[in-house]
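Per-entry structural report
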Amino acid sequence: MGETVTVKPEPLRAAVRHICLAAGSNEREATLVAENLVLANLSGHDSHGVGMLPQYILAAVEKRLVVNQSVRVTSDFGAILNLDGGMGYGQVIGHEAMELGIRRARQTGACIVSLRDSHHIGRIGHWGEQCAAAGMLSTHYVNVVGRPPLVAPFGGADARFATNPYCCAIPPSQPGGEPIVLDFATSKIAMGKVRVAMNKGEQVPPGTLINANGAPTTEPRTMFDGPIGAILTFGEHKGYGLAVIAELLAGAFTGGITMHEGSWAKNTITNNMFSVIVDPAKLGGADSWRREVDAFVKFVKAAPKAPGSDGVQVAGEPERRYRASRSRDGIPVDATTWREIISAGESVGIGAAQTNTAAGL
Ligand code: NAD
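**Quick notes on the overall build of the protein chain**
Of regular secondary structure, the protein chain possesses eleven helices and twelve strands. Relative to the 2.2 N^0.38 estimate, which gives 21 Å for 361 residues, the radius of gyration of the protein chain is 20 Å and therefore close to what a compact globule would have. The principal-axis extent of the C-alpha atoms belonging to the protein chain is close to 55 × 45 × 45 Å. Counting across all 361 residues of the protein chain, residues that qualify as buried make up 51%. For the protein chain, the proportion of contacts with a sequence separation of at least 24, taken over those separated by at least 6, is 69%. Total accessible area computed for the protein chain in this model is approximately 15,700 Å², and 57% of it derives from carbon and sulfur atoms. Both charge centroids of the protein chain, one from 33 positive and one from 33 negative side chains, sit 3 Å from each other.

Put into structure tokens, the structure is as follows:
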């Protein structure tokens, strides 16, 4: 399987930037993509980190991803903004969509951002964090089309939709405080984590996958080779239910599409996202929410540790723990992923030595 490399965040950003620039992105786009992907790795979500770059570069080269694209406002109803991502880099489209939504929510108290047709927008927590950093509450529902289905419906034995993520972010209750960021795929694990397991030569946990015959398996290759299996939804009928809602809010109501025959003809990753951004200063709890959030979190975290547990955390804490340790110690990138990144660079004229040097290797 080869050696895992460990790369410090800034050199890793530099390597990603070089490759994006060579694939035609302007400086701003290359920087946004690099920051977004490396932050996902720093947060412990390697599934949505630099390992996505080879897919992005191939899509850019084949014009399934449009470089240097900006989000386009297709209609503006004040508290509702309808946006078209034009298949641009999700790292740019998501950023611009949230900027527009936050600005509007400051004026109106709330903004529904209805975004269709972005290329992969990565870790959805990134967008929740952008809203939270601006003092806004937000919730985000995403569907994924453009590629064949990956996830089986509860009670079904083959894949009918994708890993449809959900995110809700609560802004910090105090200046300098930390947000609560709940952000997950509605499948038992994100597809990127199946890829990471395969690249590392590992099995996935039991109860995560079924093979093409509908039988349980722990082999990640079942999602990549031969007749494809499916990932199961988390939380049985409840996670499945949330996946359906994400599919419909993001796919049907934004002007995008939902998963059905023909939805994956483009053979690229398309995300649609339905976001609700709210200014807490305009809600009934304007004067009390900070106190109530703090009191609740303190109460919950005071629960005695369950046997074998490290204690109670709230969403967003695991990512911050990863950020602290990986900022200090560097980001591990498995050998297969690093080889794929080197090849992506080579495909746009950046030699292996250049990529390794940029990454400080
Ligand atoms: P996950 O299963 O690791 O869950 C992460 C969430 O659970 C975070 O909010 C985290 O803070 C919280 N959490 C984890 N451990 C906790 C604990 N002990 N106590 C309290 N909270 C805890 O996430 P996932 O399902 O593997 O998703 C990974 C990423 O993939 C997400 O960022 C998601 O947005 C992204 N994703 C993106 C797409 C796309 O198409 N763009 C599709 C699917 C998933």
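Let us keep going from here.
**Considerations on the domain arrangement of the protein chain**
Domain assignment breaks the protein chain into domain 1 (1-68 + 329-361), domain 2 (71-185 + 237-302) and domain 3 (188-232). The C-alpha centroid of domain 3 is placed 26 Å from the C-alpha centroid of domain 2. With ten residues of domain 2 in contact, the opposing surface of domain 3 contributes ten residues. Three residues stand out in domain 2 for area buried against domain 3, namely Leu-150, Ala-152 and Ala-157, and they jointly supply 54% of the buried area on that side. Between domain 2 and domain 3 we count zero salt bridges in total. At the surface where domain 2 touches domain 3, the tally comes to two residue pairs in polar contact (both at pLDDT 80 or more). For the side of domain 2 that touches domain 3, a count of residues per class yields six nonpolar, two polar and two charged.

**Remarks on the site of the ligand**
Surveying the vicinity of the ligand reveals 22 residues, the closest of which are Asp-183, Ala-185, Lys-193, Gly-316 and Glu-319. Residue Asn-271 places a side-chain N or O atom 3.1 Å away from a nitrogen atom belonging to the ligand. At 2.6 Å, a side-chain N or O of Glu-319 approaches an oxygen atom of the ligand. Expressed as a share of its isolated accessible area of 860 Å², the protein-covered part of the ligand is 79%. With five residues, strand S7 (residues 180-185) is the largest single contributor of residues to the shell around the ligand. Here the shell around the ligand is composed, by residue class, of ten nonpolar, eight polar and four charged.

**Overview of the packing of helix H4 (residues 90-108) against helix H5 (residues 125-133)**
Interaxial distance between H4 and H5 falls to 10 Å at its minimum, and their mutual angle equals 30°. One element, H4, and the other, H5, form an angle in the roughly parallel class. Relative to H5, H4 is oriented so that their crossing is right-handed. Of H5, the residues touching H4 (which contributes Gly-90, Gln-91, Gly-94, His-95, Met-98, Glu-99 and Ile-102) are Trp-127, Gln-130 and Cys-131. Among the residues forming the contact of H4 with H5, the class breakdown is four nonpolar, five polar and one charged.

**Looking at the sheet that holds strand S8 (residues 209-210)**
With antiparallel pairing, the three strands of this open sheet are ordered in space as S9-S8-S10. Two strands lie at the open edges of the sheet, namely strand S9 (216-217) and strand S10 (230-231), each paired on one side alone. Where S8 lies against S10, two bridges are found, and the strand directions are antiparallel. By the bridge assignment for S10, Ile-210 is matched with Ala-230.

Rules and cut-offs
Residues numbered from 1 in each chain as written. Predicted model: local features only at pLDDT ≥ 70, side-chain atom pairs only at ≥ 80, totals over all residues. Heavy atoms only, no water. Helix = DSSP H or I, 4+ residues; strand = E, 2+ residues; numbered from the N terminus. Rg over C-alpha atoms; globule rule 2.2 N^0.38 Å. Buried < 20%, exposed > 50% of the residue type's maximum accessible area, 1.4 Å probe, protein only. Contact = heavy atoms within 4.5 Å. Areas by Shrake-Rupley, 256 points an atom, 1.4 Å probe, with all protein chains shown as cover. Lys, Arg positive; Asp, Glu negative; His and termini not counted. Charge placed at Lys NZ, Arg CZ, Asp CG, Glu CD. Domains from an automatic or database assignment. Buried area = accessible area lost by both parts, 1.4 Å probe. Salt bridge = Lys/Arg side-chain N within 4 Å of Asp/Glu carboxyl O. Polar contact = N/O pair within 3.5 Å; in protein donor to acceptor, adjacent residues only side chain to side chain. Nonpolar A, V, L, I, M, F, W, Y, C, P; charged D, E, K, R; others polar. Near = heavy atom within 4 Å. Axes fitted to C-alpha atoms, helices over the stretch in contact; angles between N-to-C directions. Parallel < 35°, antiparallel > 145°, perpendicular 65-115°, else oblique. Left-handed = near helix turned anticlockwise from the far one by under 90°. Pairing = 2+ DSSP bridges.

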